[in-house]
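# Structural features, examined
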Amino acid sequence: MHNFLKTSLIVMMALIAIPAIAKKAKCDTPASGEIIVGAACTSEYVPLLKGKKVALLSNHTGVVGDKHVLDIMLEKGVDVTTIFSPEHGFRGNADAGEHVKSSVDEKTGIPIASLYDGNSKKPAKKVMDGFDVLVVDIQDVGLRFYTYYVTMINLMNAAIEYDKEVVVFDRPNPNGMYVDGPILDMKYKSGVGALPIPVVHGLTMGEIANMANGEGWLENGKKVKLTIIKCKNYTHQSRYVLPVAPSPNLPNMHSIYLYPSTCYFEATPVSLGRGTDKPFQVYGHPNMKGYDFSFTPRSIPGAKNPPQLDRECYGRDLTQIPDDEIIAKGINLEYVIDAYRNLNLDDHFFRSFFELLIGNGKVRKMIKEGKSADEIKATWSEDVARFKEQRRPYLLYAE
């Protein structure tokens, strides 16, 4: 009960931290310009699911207004037999990378099969044999290293192996306004990079599924039977405000917009604010010089053992940069370059995880050679142009 209350408090704080655009969305009668998520469109998907055993990949972000998609499906008579949980768990309060055990949903009694328990990313045969259709309803943030889409791809591969259908309830991409970053060199394929796409790919989860299916990116080039329940009134230029924080360390839209530029600190000794109230919105280190701003990471829910724990870090506060400026700039390596030059750690600054995040082996070398952020960005401009053409047939929404 204590864990349940703590989890509920975290989710409530997340709801407060990010305002919703609409309290209750109606698929059939949307207000003018109101963005409606796929999960709201019960008239489209309930007939597809009735009479079948359904597995649901979701977490705390799978909501329509004040209701979770699981409760909506159960109320509509859909037979949900299994819940799959991704990184951060079904309730969304586990640390990044923390192993999450399989369990049972306290409210419904439905078994939860964790896909982030440290074992195989594919479910056991016994689990796969327990359903007919996999439903995916989860809020991604549009970055190649954000693991929710990786979990979906792993389950799509399992669905092919066990001859299951896949239905994606689509949601907008809050970073869907642009494409930026190098295409993943697949020799760096990992749990934070599963497909040959740029860091900022601009796709919704439905579009990623569509493209992976069409481009032969699933195992052995096979295809899964795929249905996508589209959003209404969404385009890739929509500025969509998430109704729920997608993970503990992305508490607001500012953190989500900065995430493409600050996540690389995860592969360095520099703190990016985990263990503070500004995760991904600040950076610093105890030995950085020339800065008046400082912060001290603490052990808190969602960041139990953050880098530079209990040490005062000096660096920069990025919270005052306007969102429009962040979005217009796209991936900005100035922050990483600044910290690299300030600390003067040379080979001790970067860890191998950096290549997994950025997606190739060239960027680290260019930073060490003294290249500017703009010079480095220019090297992946052809990747961006090529990918935008490649993805066009799979787009479900206007650019």
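All of the points below concern the structure found in this document.

A complete count under the given rule lists 16 aromatic pairs for this structure. For the pair Phe293 and Phe295, a centre-to-centre distance of 5.9 Å together with 40° between the ring planes defines the contact as tilted. Judged by relative accessible area, which is 25%, Phe293 ranks as partly exposed. Judged by relative accessible area, Phe295 falls into the buried class, the value being 9%. Members of the aromatic cluster, each reached through a chain of ring pairs, are Phe145, Tyr146, Tyr148, Tyr259, Tyr264, Phe280, Tyr340, Phe349, Phe350 and Phe354.

Below, the discussion takes up the pattern of salt bridges. With the rule as written, the count across this model stands at 21 salt bridges. Notably, a salt bridge pairs Lys232 with Glu44, separated by 2.8 Å at the nearest N-O pair. Here Glu44 lies in helix 2 (residues 42-49) and Lys232 lies in the loop between strand 9 (226-229) and helix 7 (253-262), a separation of 188 residues in the sequence. A relative accessible area of 22% places Lys232 in the partly exposed class. For Asp71, the salt bridge is made with Lys107, and the minimal N-O distance between the two is 3.0 Å. Here the residue Asp71 occupies a position in helix 3 (residues 69-75), and Lys107 occupies one in the loop between strand 5 (103-104) and strand 6 (111-114), the gap between them amounting to 36 residues. Assessed through its relative accessible area of 62%, Lys107 is described here as exposed. Where salt bridges share partners, they join Glu389, Arg391, Arg392 and Glu399 into one cluster.

Once that is clear, we can look at unusual backbone geometry. Phi at Asn233 is positive, roughly 65°, even though this residue is not glycine. You can see Asn233 is positioned in the loop between strand 9 and helix 7. The class for Asn233 is partly exposed, based on a relative accessible area of 39%. Positive phi values are uncommon outside glycine, yet Asp346 reaches one of about 50°.

Taking strand neighbours across the sheet as the criterion, the 3 strands line up as 10-12-11 in an open arrangement whose pairing is antiparallel. On the outer flanks of this sheet lie strand 10 (282-285) and strand 11 (294-295), each paired with one strand and no other. Bridge analysis of strand 11 against strand 12 (residues 313-317) gives 2 bridges, and the strand direction is antiparallel. Residue Ser294 lies in a different strand from strand 12, and its bridge partner there is Tyr314. With respect to the sheet, helix 9 (residues 334-343) is in contact with strand 10 and strand 12, its orientation differing from that of strand 10 by roughly 10°.

As a general point, the strands of a sheet are linked pairwise by backbone hydrogen bonds and lie either parallel or antiparallel. Spatial strand order, 5-6-4-1-7-8-9: 7 strands in an open sheet with mixed pairing. A strand with exactly one partner marks an edge of an open sheet, and here the two such strands are strand 5 and strand 9. Here 5 bridges tie strand 1 (residues 53-58) to strand 7 (residues 133-137), and the two strands are oriented parallel to one another. Along strand 7, the bridge assignment pairs Leu57 with Val136. Relative to strand 9, helix 2 is tilted by about 150°, and along the sheet it contacts strand 1, strand 7, strand 8 (165-169) and strand 9. Packing of helix 6 (residues 205-214) onto the sheet brings it into contact with strand 7, strand 8 and strand 9, and relative to strand 9 it is tilted by some 160°.

Cut-offs applied
- Residues numbered from 1 in each chain as written.
- Predicted model: local features only at pLDDT ≥ 70, side-chain atom pairs only at ≥ 80, totals over all residues.
- Heavy atoms only, no water.
- Phe/Tyr/Trp six-rings, centres within 6.5 Å; stacked < 30°, edge-to-face > 60°.
- Buried < 20%, exposed > 50% of the residue type's maximum accessible area, 1.4 Å probe, protein only.
- Salt bridge = Lys/Arg side-chain N within 4 Å of Asp/Glu carboxyl O.
- Helix = DSSP H or I, 4+ residues; strand = E, 2+ residues; numbered from the N terminus.
- Pairing = 2+ DSSP bridges.
- Contact = heavy atoms within 4.5 Å.
- Axes fitted to C-alpha atoms, helices over the stretch in contact; angles between N-to-C directions.

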